[in-house]
Amino acid sequence: AAQEGSGMGTGAHTGFIWGPRVCGGRNFSLLELTIVLSELLHDLRFEPTENTPLEYEWIGQMRRKGGHRVKALARQ
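Residues numbered from 1 in each chain as written. Predicted model: local features only at pLDDT ≥ 70, side-chain atom pairs only at ≥ 80, totals over all residues. Heavy atoms only, no water.

**Digging into the overall build of the protein chain**
Consideration 1: Assigned secondary structure in the protein chain consists of one helix and four strands.
Consideration 2: Moving toward the C terminus, one meets the helices and strands of the protein chain in the order α-β-β-β-β.
Consideration 3: Counting the 76 residues in the protein chain, one finds 3% classified as buried.
Consideration 4: Of the contacts made within the protein chain by residues no fewer than 6 positions apart, 27% connect residues no fewer than 24 positions apart.
Consideration 5: Counting only carbon and sulfur atoms, one obtains 59% of the accessible surface of the protein chain, whose full area is about 6,400 Å². (Helix = DSSP H or I, 4+ residues; strand = E, 2+ residues; numbered from the N terminus. Buried < 20%, exposed > 50% of the residue type's maximum accessible area, 1.4 Å probe, protein only. Contact = heavy atoms within 4.5 Å. Areas by Shrake-Rupley, 256 points an atom, 1.4 Å probe, with all protein chains shown as cover.)

In structure tokens, the structure reads:
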């Protein structure tokens, strides 16, 4: 990215989501991800494993500090 004039970390030239070097299998991968997630959400229920206050941290994306404490159970 630095050589292409956009600077590091701008996201302008990523190899998957957008930009001139977009992945040729992007649409298939995103469809596959959508199908897997819909199946998981249909077949499982997710419950928190503890009731602690939420704390967030920024590590490339906003996420819960310490991870997401959930358990997955089969729907009945």
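**Some remarks on the pattern of salt bridges**
Consideration 1: One pass over the full model with this rule turns up two salt bridges.
Consideration 2: Across the pair E50 and R69 runs a salt bridge whose closest N-O atoms are separated by 3.5 Å. Remark: R69 occurs in the loop between β3 (62–64) and β4 (70–74) and E50 occurs in the loop between β1 (44–48) and β2 (56–58); sequence separation between them is 19 residues.
Consideration 3: On the basis of relative accessible area, E50 is assigned to the partly exposed category, the value being 34%.
Consideration 4: The exposure class assigned to R69 is partly exposed, which follows from its relative accessible area of 26%. (Salt bridge = Lys/Arg side-chain N within 4 Å of Asp/Glu carboxyl O.)

**Remarks on the environment of L73**
Consideration 1: Following the sequence through the fold, L73 ends up in strand β4.
Consideration 2: As for L73 and E47, which are separated by 26 residues in sequence, their C-alpha atoms are 7.9 Å apart.
Consideration 3: Apart from the residues lying within four places of it in its own chain, the contact partners of L73 are D43, L44, R45 and E47.

**Re the confidence of the model for the protein chain**
Consideration 1: This prediction gives the protein chain a mean pLDDT of 77; 71% of its residues lie at or above 70.
Consideration 2: Within the protein chain, the element-level pLDDT minimum falls on β3, averaging 79, and the maximum on β1, averaging 91. (pLDDT = per-residue confidence, 0-100.)

**Here we look at a nonpolar patch on the surface**
Consideration 1: A cluster of nonpolar side chains, L30, L33, V36, L37, L40, L41, F46 and V70, forms an exposed patch at the surface whose accessible area comes to about 680 Å².
Consideration 2: Among the elements that take part in the nonpolar patch, helix α1 (residues 26–43) stands out by supplying six residues, more than any other.
Consideration 3: Within the fold, L41 resides in helix α1.
Consideration 4: Overall, L41 belongs to the exposed group, its relative accessible area being 51%. (Patch = residues over 30% accessible without salt bridge, like charges linked within 9 Å, V, L, I, M, F, W, Y side chains within 5 Å.)

**Description of the side chain of R64**
Consideration 1: Inspection of the secondary structure puts R64 in strand β3.
Consideration 2: E50 is the oppositely charged side chain nearest to the buried, salt-bridge-free R64, at an N-O distance of 4.7 Å. (Lys, Arg positive; Asp, Glu negative; His and termini not counted.)

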